[in-house]
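# Observations on the model geometry
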Amino acid sequence: MPAQYPLSPQFMLLSNITQFSPMLYLTGFPGLETIEHWIFIPFFLMYLVAISGNCFILIIIKTNHRLHTPMYYLLSFLAFTDLGLSVSTLPTTMGIFWFKSRDIYFSACQIQMFCIHSFSFMESSVLLIMSFDRCLAICHPLRYSVIITSQRVVRAGLAVIFRGPVALVPLVVLLKTFPYCGPRVLSHSFCLHQEVIHLACTDTSFNNLYGLAVVAFTMMLDLVLIALSYGVILRTVARLASQEEQLRAFQTCTSHLCAVLIFFVPMVGLSLVHRFGKHVPLAVHLLMANVYLFVPPMLNPIIYSIKTKEIRHVISKLLGLKKVSAESWG
């Protein structure tokens, strides 16, 4: 662990006040302190693209009544969860870059980890509902508008989205009951449950088993159901008469499939590294965690802006209006 980093006097003083509210120390990017001002540039750009891109999609869907359909309500759910995921890591990550502030109160750490994991579970749930939506659109196109209505999508979305945060409450609350001893140093620029739990100097078997069960019955179950949905989609597409029809049908899934891959591949990799990678270099842990939390919120608005015809049309109209406006002023 990065014990060689100097801890601030505030950290050393406040971390010993009580075992129920210790101070934690975020290292951020161990061994790269000298080039943090260069690392800041890609992180700033990722935040800029993620926050502005997802806000842009939410505004487009909100202001264009033609987009008030089930598919775009689901896309707005996805943009909201991506926005929440970006904002959850923003305070501590930018605090390290801008103010060299690495100390964090345990309660603040709990709130941050709850937000990070909650929005991760929400995104998994949204991707699952979107896979069901695509499955019904391709396999039962004539019944799609009857089965998938806006009200049903919103109700199902809210119900499934909140299952993760509700399941997370005991997991996060129990952390405050554990005693913490030794160096309270975290290797990331944000708080993750699987890292904080390792700082406890007591038996944490219940938290470990409960956390594993929550992940298994939410994100892993979602991934299995998404895979089954695409199995049904592939079987239906294979039965279509012409290759052109097959390509056209499958193209409606490409945006969602990209979103699934860029979210679940890093998530599975991060889980495997934390569970079984005790001897894996710290740089691998940092890379997997940062890719998992920063890349999907940045890429999703780009993918859906490029691949979705209606959003492309709105963007081209906005650009056209700006061009006309500029010409009129010229």
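Just so you know, these numbers come straight off a predicted model, no measurement behind them. (Residues numbered from 1 in each chain as written. Predicted model: local features only at pLDDT ≥ 70, side-chain atom pairs only at ≥ 80, totals over all residues. Heavy atoms only, no water.)

### What about the confidence of the model for the protein chain?
Put simply, the rule reads: For every residue, the predictor assigns a confidence score, pLDDT, that lies between 0 and 100. Numbering of helices and strands runs from the N terminus; a helix is a DSSP stretch of H or I covering at least four residues, while a strand is a stretch of E covering at least two. When checking whether two residues touch, look at their non-hydrogen atoms; a contact exists if any pair is within 4.5 Å.
Per-residue pLDDT for the protein chain has a mean of 83; in total, 89% of the residues score no lower than 70. Confidence, read as mean pLDDT per element, is least for helix H1 (residues 9-14) in the protein chain (43) and greatest for helix H4 (residues 106-139) (93). Across residues 1-5, confidence stays below pLDDT 50; counting only partners more than four residues off in sequence or on other chains, it has nine contacts. For residues 9-20, every residue scores under 50 in pLDDT, and the model assigns this stretch 19 contacts once sequence neighbours within four places are set aside.

### What about the side chain of Arg134?
Selection criterion: Only protein chains enter the accessibility calculation, which uses a 1.4 Å probe; a residue is then buried when its area is under 20% of its type maximum, exposed when over 50%, and partly exposed in between.
Its location among the elements puts Arg134 in helix H4. The exposure class of Arg134 is buried, given its relative accessible area of 11%. Beyond its immediate stretch of four places on either side in the chain, Arg134 contacts Met71, Tyr144, Ile233, Thr252 and Cys253.

### Digging into the sheet that holds strand E2 (residues 103-105)
Across a sheet, paired strands are connected by hydrogen bonds in the backbone, their directions being either parallel or antiparallel. Worth spelling out the cut-off: Paired strands, as defined in this entry, are two strands with at least two bridges between them according to DSSP. Between the N-to-C directions of two axes lies an angle of 0 to 180 degrees, each axis being a line fitted to C-alpha atoms and, for a helix, fitted only over the stretch in contact.
Taken in spatial order, the three strands line up as E2-E1-E3 in an open sheet, and their pairing is mixed. Every other strand in the sheet has two partners, leaving E2 and strand E3 (185-186) as the edge strands with one partner each. Pairing of strand E1 (residues 23-26) with E3 involves two bridges; the strand directions are parallel. Bridge pairing links Leu26 to Leu186 in E3. Across the sheet, H4 is in contact with E1, E2 and E3; its angle to E2 comes to roughly 85°.

### Observations concerning the packing of helix H2 (residues 36-63) against helix H12 (residues 282-307)
How we decide: Oblique is the label for every angle not falling under 35 degrees (roughly parallel), over 145 degrees (roughly antiparallel), or within 65 to 115 degrees (roughly perpendicular). Put simply, a crossing is left-handed when the front helix is turned counterclockwise from the back one by less than a right angle, and right-handed when it is turned clockwise.
The N-to-C vectors of H2 and H12 enclose an angle of 45°; their axes lie 9 Å apart at closest approach. Taken as axis vectors, H2 and H12 run oblique relative to one another. For the crossing formed where H2 meets H12, the hand is left-handed. Counting all contacts with H2, which are made through Phe43, Met46, Tyr47, Val49, Ala50, Gly53, Asn54 and Ile57, the residues of H12 involved are Asn290, Phe294, Pro297, Met298, Pro301, Ile302, Tyr304 and Ser305.

### Description of H4
Note on helix geometry: an α-helix contains 3.6 residues per turn, so any two residues three or four positions apart are oriented the same way. What counts here: The length a helix should cover is 1.5 Å for every residue beyond the first.
Between its first and last C-alpha, H4 extends 49 Å over 34 residues, near the 50 Å set by a 1.5 Å rise per residue. Among the 34 residues of H4, 26 are classified as buried, and the element is accordingly described as predominantly covered.

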